[in-house]
Each structure stands twice: as structure tokens, then as C-alpha cells.
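Fold and geometry: a report
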Amino acid sequence: MSASSSTSLLPPRQWRYDVFPSFSGQDVRRNFLSHLLGEFTHKGINTFVDDQIRRSESIGPELVRAIRASRIGLVILTKNYASSSWCLDELLEIMECRETAGQSVMTVFYDLNPSDVRKQSGDFGDAFERTCEGKTEEHKQKWKEALTNVANILGEHSYNWDSEAAMILKIATDVTNMLNFTPSRDFDHLVGMEAHIAKMSSLLCMESNEVRVVGMWGPAGIGKTTIARALYNRVSKDFQLSVFMENVKGSYRGNELDSYSSKLRLQEQFLSEMLNLKDMRINHLGVAEERLNSRKVFIVLDDVDKLEQLEALADEPRWFGAGSRIIVTTEHKELFKGHGVNYIYEVNFPSWNEALQIFSQSAFKQDYPPEGFMELAVEVTRVTNHLPLGLCVLGSSLRGKRKSEWIHELPSLKASLHGDIEKILRVGYDSLGDDDIYKTIFLHIACLFDGEEEDRVIQLLDNPNCDIKYGLTVLVERALVSISSEKRVMMHHLLRKMGREIVRRQSAHEPGKRQCLIDAQEIYDVLADETGTGSVLGISFNMSETSELYLGEGAFSGMNNLQILRFYKKWSDKARLHLLEGLDCLPLPRKLKLLHWEACPMKHMPFRFRPECLIEINMKESKLRKLWEGVPMLRSLKKMDLSYSISLEELPDLSEARFLNHLDLRNCESLVRLPSSIWKLGGLKFLHLHHCINLEPLPANDALYSLSYLSIGECSKMVDFPEISSSIKRLDVCFTPISAVPPSVEYWDCLRKVEMIGCKNITEFPRLSYTVTKLHLHLTGIKEIPHWISDLYELKELSMAFCSELEEISPKICELGKLRSLNFNWCYNVREFPAEIFQSFCIWHELELQLLGIGKNSLPTYTPEKTEDFPLRLYLSENDFVSIPDTVVKQVQYLSLRDCRELESLPELPGSLSELHADNCVSLERLAQSSRSSHDPKLILSFINCSNLDEEARELVIQQWACGYAVLPGGEVPYCFTHRANGSSLIIHLNPGNIYASLRFKACVVLPPVDELDAPFRSFQISCYVRGRHSTTVYKWPEIDVDESNDPLLEDHLFILNSYFTLEGDNIPESEMVFDFRCLGMKVYPDTVSNKILECGVQLLEPCSCEYDSIAHPELSTIPFKDDEGNNKSIAETGKTNKRARSSDAEGLEKTSKSLRLSN
């Protein structure tokens, strides 16, 4: 007997009944049905029986709940079935559950032809037409569709049976077999699993009849096998044949001399498992196609590492029948390209919250750490860098241990790799085979270059015997490294730790004989004892982790192959490496490519050092006075950073540095002039001279045709605007005595960003190229923004904060169609800001307008001739207005009025406004209600410490405006919240006779301003746990800031919270709903404490018509109920509700329930 269900990719759920029979009582109740129910009872099948239910025109709430709680809907179709609207409504509900809840549907055609049901013909059709009399056409069409669909489900026909008893036995056996195939729940509660399955299901495209191969790729330990197993358990039953072939690479014994035999043995194992035949033998590779080309199969090939394995098991789609699906998991992405796999799912690392939850499930057998373990759990989670394998292994190793044991073991977990984790990760490294080049690249990245730019890694590892770029590609395809969107080479923390351990084992007791040195103490010893050898290729030395060291002349003498030298420290630390008395410099290895030595104690470079291999010099904060005499051979040099070398007096002749493109000399206070050879460096792109206070003015020769960045900020001798290149994109002349911009700059058509902050001598608005997008003119002496400002039509950002001389702003500024940000903070002498900047911009994107600390009467009161609709973010904080003209706020979407302490009232706010922040407006009393609509929803409303709001304003905020969340002073939950309780929990008693399609709610909690220690909070995060029938729904609202103005809550406050999401009908309890509110109070990050909730209240509402917005609406998650063994259980099994919960009357529910009740 066949059955039909909705897609198997739906997660398993908890069922109360095995079977819900739908039937016409007058046809079968006393004969066929009674015998069938007896056989069901004999076989232990739990069947819903409706003997005590009084039948009426439509099905009641108890039957709806019973249908939704049944795993199988058994539809017994008879000649009078369609004469009952009750039966037809049952069928509608059953078919709906089939589509939405994964319910299976089985059919029995008793003394009836299925075609009569399908076409609604014959006596069956006549009965159907009589039932439809008086019904709407829409209702009739729903019944017709349901009958057609159910008739297409293969079932048992009584006409085909000579013995009714035999047919009943067959039906009962089919039901038993279906119930025995229980979907696995082993993976139900794995964190993030449903998201993985959803993404895989879109790639698998189960509705398609094609044969599809989907690849799953990611590093070892990411969870590929687990995801594939969860998918297999959920969908394999819908296929004729299925196999999960685990560890394919371990099953394949590749033999270069006889690879064909290896493929045969692998296919034999594959077919034996697929067909459930032991010791199967085959003599050619075409057997798989012969046996499977007409079968719909589901295959998982797990952990494949060679193309030959795919050729043996799934060489061509034609091997398998229509609708077949093959999943291949691997760490070797290149296999997919070689085998023509076009659908690939890259398994990403879990988020921080997911990682903590995975670890907690392993360590504590619950979703979050218990009290006292949060900080330790976070530390261990960081150690694993979110790798699921690492989270599970370390979690299980710490399970059951005391807190003191955790503290004791944490340092060793940080320092070394757990053996079980290393065993898995080592497989990827070993798969590189005997190719030392790829392994060397891997080890260099692990020790020296994790997180570095890809191009820089290629340059510094450049080797004539190896294509480094291709080597990186190999590592990426093996999931050993990744390339970020910013083109950086990234390696997982645990892989990095493994690579460093491999290097350590090269010479466990003599670090001077290893490829790379990274441990600070070991490097200290090698330098102090001068024990380095030619094996050392790279050193990365954190000098902040050691004590002071005096280097002798032979510190690097043995390290003749050293290429990468990186000595670095914390910015605030003093230098800890010094030279022995009498030394001015040290001999350096000739092969150095990277010389990165912060706070270098040398006064000059060694005379015998030949720098022809140097690619980068980074010697910030050095004691260098000069580098080399003469013309050094710097033919490979691309970057030189000598910033903060305050003793540097001169640079060498750079004639040979033809490839130099980056020169950073900022804060070289003793530097007087630049060598003339600099002006011949045609490839120089970056020149940073900030705070070179003694540097002579630059010549106006326009010679650096590649220069794109120039900074001469705080160079006090730069009196003229620097005309050294017309190719500059970003220019910084801040705090210089420059007084004018030359006319030629108007034609610099590469110029994008200009910073002239603090140029007090600039009194006229500078004429610049139309290409400028960002212009920063804070603290200048500019008096007027002229009408020709509209010529800068590419301008996106104009900032003139603290321009105290500014008086006039041309309305033409509103013609800048690409402008996104305007800053006139503390421009308090502007007579009147043009009304056009509030109403007349012809733009589609959002404009941010900042007007903090402006003149009391400088806001316009008139409406310009031409107005436009555009989204405006308006910041008017810290002003002394008493009121605000309505002309200013007509376009506002976001309005900040924080610390406007004289403000008494607000004008009518536009329907476009979604956020209003009026914290510390202590004089504010009145808000204007919209003249357009009584319901004018706002996402965020913050009236912190606004204690003078009148009752009308408070009612407007709480009852009409708050669509996301709102905060305002108050010590009691308002009466509009029908259900109220002291403390953090309440219970709403429901009317058992009501059926709810869904419920939404608005909540109110009262929070105190400080905790028991009288420490003010910076923000709150509030959650609500709603206990449902089979799971708890968790609403977690975004973090709500309460200390933006450094002025904390001064009294108790109400937090009004909109659930947005609805609690769906199948999870709404029959008799009572428990609401449990929780609040975390955040202080200085990451200090968080559970904050006391003084009161709470709930108002039940209809579903919301607003669009979801993550900045104001909550995140939604569910926690299924579990028994002591970790299995799901229904609400009936969970025992009593939380003792802390307090009861609430449900009188206010009746009005809401009428609009939410399902039609009967």
C-alpha cells in the first residue's frame, strides 16, 4: 500500500497519535472500520477515535488538534464520503498537514472507483454537488482540489480483494511498517543543522527528475560527514535504493600498478552495501550501471580524496535512474572540477553563538554554560576557533570536571593541540604527499603569514623552483587555507597550531635547527647564545613577551639562509633589544627579503650588508640616523616604512629602488630634506610625511606621475599647496599653514578625498576637481559655502564641523545628487540653515545631516519652492531649542534629539519616521499625534529620563507608535497590558474551546536603573521564553543602549517590546501560556549580569503588518522539550510549569481570540 507525504527534508516532529482515520460513519463504522480498528489495536497502533465527539456542519477544535497530532492520515473513501461537509473539511486539514507538517497520507477506496473521486463523478459526484449547495465557490474549489489530490495517492481498492479480512491485515501491516521506519532524531538538535539542510536541499532540488551530483566541501572537522548523515537519514527512505559509503578514501587501496583492480574492489563494496548482498564479486566496472540505471537511488560518498574513487562509484549520471541524488564530501575541491560537479556546498564555520552552543552541548549537555562557567567556556571556544570537531572533542574532555580543573587545564589547551583533533587535521597535510614545496608553503603560512595579503605572501615566498600562486591554489582546494574577500591568506587556528607543532618537532630540543622560529623565549635563547643555523628560514619574534636582551655581533652569524625577519612589539612597550656596548650595527644575512625590526637599536645599516634581495623594510621607531652610504642596490625593494624614527636625518640615494611604491616617513622629526632621487621614482604610489616638522617644502615639479596618496599633515614648513602629482587620489594637508589652493588642482581628475582639517588660513571654500567624493574641512576659517558648490557633483561627504566663521550656506548645496553625509556640528554662527537641506534633495539614498550644537534660532521655518521626498537621518542633539519647526522633520526617517534639555514639545512627525531618540530631553512634555492615521508605527522610540511626558504622549508611545521597541520612564506596567504580574514571569490561562491560527504579543517589562552594586548599565538585552505545546519559543530583542549620552537611567523605566513573530497554532498550548522574561545588563564590555525585572505584562495581538527589521524586532529560535535521555517530548510529559510563574486572568483574551480563531 502506498503513502504520500510532504518533502522529507522537513524536520521530524512529535506525534500524539499514530493514525487519524477519516471516514463516513454510515458506510463503514459498524463493519469495515470496526474490524480495521480491532486489527490496529492488536498490532499496538495508537488510533484517534472520535466516538465521543458530536458531529456538526464543520469540524471542531478537538478534531483539528487530533489531525495535526497524527503521523498518518488514513482516508477511507466511500460513496457517501462527499455527502458530509465534516468529512470534506477533515480532508482539507489532512492534505494541509501533508504539505506543511510532513504527515503521511494513506488511502482506502471502499466499494468506490478512484476515478469517481478524482473527477467527482457518478453517485459520489452527485453527493458532492449536494454538499456544495450554499457554499462559496472558493470553498467548493478547495474541496475539489483536495479530492483530486487524494485520489492520486495509490491505495487499497476493495474491488481488488476477495477477502476483506486479508485486505484489513494488509492495511494494518503497511501502517505498522510505516510506523517502524521512524525518522532518525539523532541529528535533530545539532546546532545549525536545519540551516545546512535547507542550503543543501536547494542544491539537491528534489523535485527535479534529473540525476544530480552535489559536492560538499570544507576542512577536516567542519561537519561535512554529520550533515551528509543527517540528510541521508531524513530522505533516503524516499528512494528505491540508498547507501551511505563512509570513509571512501580509507576503503580505496590505490595501486599505481593495478588501479583498475582497486576500482573493482571499491565498486564491489559499494554494490554490496547498496544491494545488501554479501561478498559480491564483479569483473568489470559497468556492473554498477547495469544494476542501477533504472533505480532511483540516494548515495553519499563520504570523504573522497581521489578522482579514481568517483570514476569507480559514480562515473556518469546515466549509471543511475531518473531522480537519483549523489552527495560527495571531500577536502579536495579540485576533484569537483575534474569530475564535472557543478553544484557545490561550501560548509562554513559556525557563528560565535553557534560555536558556544555546540561546545556547551558537548561539555554540559545543555545549550549554554551554567552559572560560573561562561568565561571559561568562551575561552575554550576561542581556542578551537569555532571548528565543530574541536568544540566537541574539547567539550567532552572537560565534561563533568570541576571549575578548578578547567582553570588548570586551559593553559595547556591553548598551548598544544589535542591528539584526537590533530589526528584528523593531519590527514589534510599528509595528503600533500612527498611534495616538500607545498608543505613548506603551508608551514610558512602557519608560522609567519596567516592573515597576510595574498600578493605579499607570493612576493616574500617567491622561488624560481616553484609557482607560489599555484601552490596556494593547491592549499585552498585542500581546505588547508582560504583566501578572504580582502585577498588575505587565512588559516584556521587549529591548522595553524598543527603546522607550528610540525615545525617544533623538526628539532624539539635545538630550536636553532628548525625552519621557523616563533616562540619568544626560544628566539631569545637562540639570539643570546648565537646558536642559529642555516636551517632557519624565518623568525617571528614578539619582543613584548621577553625580558631585555643585548645582542652581540654574532647574533645572526649562523643563519645564512634567513629570509624573513620579523621583530615586533606592542605599540606602548619600550624597546627590549639593545646592542652590546661599542656596537652601532649588526651583520645581517644577505638573503633577507623581509627586514621588519621595530624599535631597532642600530644607528645605521651594516656597511657590508648587500640588500639586493630586500623586498620590504619596516623599521618603525628605530634609532637609525641614516641607512647606507652611496647608492645601495635596492633593486627588489617595494616598501619602506621608517615611521616614528625620530633620529633619522637623511635617506640614501634611491636611484636603484625602481620598484619602490610605498614610502612611510611619518613622524621622522629630524628629517630635513628628501633626496632628489625620489622625484625619479615613477612607480611611487604612497608617500606619508605626516608630522615631519623640519621637512623643507616640496618642489612643484609634478614628477611623481604614479603617486595616489600624499600626506603632509602637520608639516609646519609646508606653506604652499603641494603640486607634485596630478594623479593623487587622497590628499592630507591638515594643520598646515597653507592659505590657498592653486587653480591647477581643479583639473586633478583622479582626486577623490581631500582632508584640510585645521587649516585656519583657508578662508575661502576651495576650488577642487569635480571628482572629489569626500571633503573634510573641520576647523577651517571658511566663511561661506558658495553657489558653485553644485559643481562638485561627485561629492558624497562634506564635513565642516567646528567652522566657527561659517555664516552662509548656499541652497545650491541641495543639487549635490550623490551627497550622503553633511556635518555642520558646532557651526553656531550660521545665521539660518537653508530649508532646502531638509526638504529639497533629489536623491533616492539616505542622507545623514548632523547639526549638533548649532545656533538656537538657526533652523528654517519656511518651506522652499521645490520639495522632494528623500530619506533623512537628522541629528539635532545637544541643542537648546524649545521647539522644532515642522518644516525641518518632514523627510525624517531617523531623528536624534539626545540632550536637548530645553525642548518642550515635538511637531507632528512624518509617517516615514522609524527611529526617534530623545534621551535626556528632561523638559519634553508633548508629542503631536499624526493627522493621517491613529496607528502610526515606529520601530524604535527612546525617551530615557524624559520624566515630564504627559499622559497623552505616554499613551501615544505605548499603544500606537511602538512597533519595534520603546523605552520611557515608569515604575508600573500600564493597564493596556491585560495580563500583568510582579517579577519576570506570568501565566495566561486560555479558553480550551478556542483554536488559534497564531498569536502575536506586545510585552512590557519594568527595569531598575542599577543593580545591587549600584553600577549603571550601558545597555540591556531582553529575551522572552514562551512555553508552547512541543517547544519553547525564544524571542531575543536587539541590545538596547541606555547610556548613549553618558547619562545612565535615573529611575525605573518601561521597556515596550513587540514580538513581531507569531506563535503558530500547533505550538499554542491548550490551557495556559507561560511567559518568562530575562534581561542581561551590559556594563563595560564584556561585563554582563542578569538584571532584575520588577514587573512584566503581556497584551495579545493580531499578526503584524509591518516589515521585519533586525534593528528593532527580535531574533526567533525554538528549544524542543527533551526528556532525561535527551528525546523530544510533548507538553503533556513536561510536568508542572515553572514555579516562579504567576497566574494572570485571561479576560482580555476573549476579544483577541475572536479574530484569531480558525473558522469552524
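Residues numbered from 1 in each chain as written. Predicted model: local features only at pLDDT ≥ 70, side-chain atom pairs only at ≥ 80, totals over all residues. Heavy atoms only, no water.

The name an unreviewed UniProt entry assigns to the protein is ADP-ribosyl cyclase/cyclic ADP-ribose hydrolase, from the organism Eruca vesicaria subsp. sativa. Heading Catalytic activity (unreviewed entry) of the UniProt record for the protein holds this comment: "NAD(+) + H2O = ADP-D-ribose + nicotinamide + H(+)". (UniProt positions renumbered as here; feature names shortened; annotations may be inferred.)

Description of the overall build of the protein
The helix and strand inventory of the protein stands at 28 helices and 49 strands. For the protein, the spread of C-alpha atoms along the three principal axes comes to 110 × 90 × 60 Å. Among the 1160 residues that make up the protein, the fraction classed as buried is 55%. The contacts in the protein between residues at least 6 apart in sequence include a share of 63% that link residues at least 24 apart. With 129 positive and 165 negative side-chain charges, the protein shows a separation of 4 Å between the mean positions of the two kinds. (Helix = DSSP H or I, 4+ residues; strand = E, 2+ residues; numbered from the N terminus. Buried < 20%, exposed > 50% of the residue type's maximum accessible area, 1.4 Å probe, protein only. Contact = heavy atoms within 4.5 Å. Lys, Arg positive; Asp, Glu negative; His and termini not counted. Charge placed at Lys NZ, Arg CZ, Asp CG, Glu CD.)

As for the sheet that holds strand β9 (residues 325-330)
Taken in spatial order, the five strands make up an open sheet running β7-β8-β9-β6-β10, and their pairing is parallel. The open sheet is flanked by β7 (241-245) and β10 (343-346), the only strands paired with a single partner. The sheet shows a mean angle of 15° between the axes of neighbouring strands, direction not considered. Where β7 lies against strand β8 (residues 297-301), five bridges are found, and the strand directions are parallel. In the sheet register, Ser-242 faces β8, and the bridge partner there is Phe-298. Against the sheet, helix α10 (residues 224-235) touches β6 (212-217), β7, β8 and β9, its axis set at about 165° to β7. Where helix α12 (residues 259-275) meets the sheet, it contacts β7 and β8, and its direction lies at approximately 130° from that of β7. (Pairing = 2+ DSSP bridges. Axes fitted to C-alpha atoms, helices over the stretch in contact; angles between N-to-C directions.)

A short note on the side chain of Glu-755
In this fold, Glu-755 is placed in strand β25 (residues 753-755). Side chain to side chain, Glu-755 and Arg-730 meet in a polar contact 3.4 Å long. With residues up to four places along the chain from it excluded, the contact list for Glu-755 reads Arg-730, Leu-731, Asp-732, Val-733, Cys-734 and His-776. (Polar contact = N/O pair within 3.5 Å; in protein donor to acceptor, adjacent residues only side chain to side chain.)

So, the packing of aromatic side chains
Counted by the stated rule, this structure contains 35 aromatic pairs. Their ring planes at 70° and their centres at 5.1 Å tell us that Phe-567 and Trp-597 sit as a pair that is edge-to-face. With a gap of 30 residues between them, Phe-567 in strand β16 (residues 564-568) and Trp-597 in strand β18 (residues 594-597) connect regions that are remote in the sequence. You'll find Phe-567 and Trp-597 in the same group, each marked buried. Seen from their ring centres, Phe-824 and Phe-833 are 5.9 Å apart, and the 50° between their planes marks the pair as tilted. Considered together, Phe-824 and Phe-833 belong to a single accessibility category, that of buried residues. (Phe/Tyr/Trp six-rings, centres within 6.5 Å; stacked < 30°, edge-to-face > 60°.)

Some remarks on the pairing of β16
For β16, a buried count of four out of five residues is recorded, marking the element as mostly surrounded by other parts of the structure. Inspection of the sheet shows strand β14 (residues 538-542) paired to β16 by five bridges, in the parallel sense. Bridge pairing in β16 places Phe-541 opposite Phe-567. In this sheet, β18 lies alongside β16 in parallel orientation, the contact comprising four bridges. Paired with Leu-565 across the two strands is Leu-595, which belongs to β18.

What to know about the environment of Thr-1032
On the secondary structure map, Thr-1032 appears in strand β41 (residues 1031-1036). Residue classification places Thr-1032 among the buried positions, given a relative accessible area of 11%. Along the chain, Thr-1032 and Phe-1075 lie 43 residues apart, while their C-alpha atoms are 9.8 Å from each other.

Describing the nonpolar core
Among the nonpolar cores identified, the biggest contains 153 residues, and Phe-556, Phe-765, Phe-824 and Phe-943 are the most heavily contacted of them. Setting aside chain neighbours within four positions, we find Phe-824 in contact with Ile-785, Met-800, Leu-806, Ile-809, Ile-813, Phe-833, Leu-849, Gln-850, Leu-851, Leu-852 and Ile-854. One finds Met-200, Ala-220, Ala-363 and Phe-364 within the second-largest nonpolar core, a separate group that totals 79 residues. (Core = buried A, V, L, I, M, F, W, Y, C linked by side-chain atoms within 4.5 Å.)

Comments concerning the packing of helix α3 (residues 61-68) against helix α4 (residues 85-100)
For the pair α3 and α4, interaxial distance at closest approach is 10 Å and the crossing angle is 35°. Of the two possible hands of crossing, α3 and α4 adopt the one that is right-handed. Across from Leu-63, Val-64, Ile-67 and Arg-68 in α3, the residues of α4 making contact are Trp-86, Glu-90, Glu-93, Ile-94 and Cys-97. Here the residues of the contact of α3 with α4 are counted per class, giving six nonpolar, no polar and three charged. (Left-handed = near helix turned anticlockwise from the far one by under 90°. Nonpolar A, V, L, I, M, F, W, Y, C, P; charged D, E, K, R; others polar.)

A word on the confidence of the model for the protein
Looking at the protein, the pLDDT average stands at 86 and 90% of residues meet or exceed 70. For the protein, per-element mean pLDDT is lowest for helix α28 (residues 1149-1156), which scores 31, and highest for strand β26 (residues 774-776), which scores 98. Every residue in residues 4-12 scores below 50 in pLDDT, and together they form 36 contacts with partners more than four places removed in sequence or on other chains. When the criterion is pLDDT under 50, residues 1123-1160 qualifies, and its contacts beyond four places in sequence or with other chains add up to 84 contacts. (pLDDT = per-residue confidence, 0-100.)

Describing empty space enclosed by the protein
Applying the stated rule across the entire model yields two cavities of 30 Å³ or more. By volume, the second largest cavity is sized at about 30 Å³. Lining the second largest cavity, in full, are Pro-219, Ala-220, Glu-331, Leu-425, Gly-428, Arg-478, Ala-479, Leu-480 and Leu-495. Grouping the amino acids of the lining of the second largest cavity by side-chain chemistry returns six nonpolar, one polar and two charged. (1 Å grid on protein atoms, 1.4 Å probe; cavity = no way out; pocket = protein on both sides within 12 Å on 5 of 7 lines; lining within 4 Å. Points joined across faces, edges and corners; volume = space filled by probe spheres on them.)

Comments concerning a negative patch on the surface
A contiguous patch of negative charge on the surface is contributed by Asp-519, Asp-525, Asp-529, Glu-530 and Glu-545. Its location among the elements puts Asp-525 in helix α25 (residues 520-529). Among the residues examined, Asp-525 registers a relative accessible area of 33% and is labelled partly exposed. (Patch = residues over 30% accessible without salt bridge, like charges linked within 9 Å, V, L, I, M, F, W, Y side chains within 5 Å. Areas by Shrake-Rupley, 256 points an atom, 1.4 Å probe, with all protein chains shown as cover. Salt bridge = Lys/Arg side-chain N within 4 Å of Asp/Glu carboxyl O.)

Description of the pairing of β41
Burial analysis of β41 places five of its six residues in the buried class, which makes it a mostly covered element. Sheet topology note: the strand β40 (residues 1019-1027)/β41 ladder contains five bridges and is antiparallel. Each residue of the ladder has a partner; that of Arg-1027, found in β41, is Thr-1032. In this structure, β41 lies alongside strand β48 (residues 1115-1120), joined through six bridges in antiparallel fashion. From the neighbouring strand, Ser-1031 faces β48, where its bridge partner is Pro-1120.

Regarding the pattern of salt bridges
For the structure shown, the criterion picks out 51 salt bridges. Of the charged contacts in the structure, one is a salt bridge between Glu-99 and Arg-98, with a shortest N-O distance of 3.6 Å. Look at Arg-98 and you get buried, because its relative accessible area is 14%. The salt bridge partner of Glu-808 is Arg-831, with a shortest N-O separation of 2.2 Å. Note that Glu-808 is positioned in strand β29 (residues 808-809) and Arg-831 in the loop between β30 (821-823) and α26 (836-839), a separation of 23 residues in sequence. Since its relative accessible area comes to 35%, Glu-808 is described here as partly exposed. Each of Glu-452, Arg-456, Arg-566 and Glu-616 takes part in one network of salt bridges that share partners.

Here we look at helix α2 (residues 32-42)
Along an α-helix, residues three or four positions apart point the same way, because every turn accommodates 3.6 residues. Of the residues making up α2, those classed as buried are Phe-32, Leu-33, Leu-36, Glu-39 and Phe-40. The buried residues of α2 all sit within an arc of 125° when viewed along its axis, so they share a single face. Relative to its buried face, α2 has exposed residues pointing more than 90 degrees away, namely Thr-41 and His-42. Of the surrounding secondary structure, the elements contacted by the buried residues of α2 are β2 (17-22), α1 (25-28), β3 (70-77), β4 (104-109) and α8 (164-180). (Arc of directions from axis to C-beta.)

A closer look at the state of the cysteines
Counted according to the given criterion, the structure contains zero disulfides. Unpaired in terms of disulfides, Cys-447 finds its nearest cysteine sulfur in Cys-516, a separation of 4.3 Å. Lacking any disulfide linkage, Cys-1024 is separated from the closest cysteine sulfur, that of Cys-1096, by 8.4 Å. (Disulfide = S-S within 2.5 Å.)

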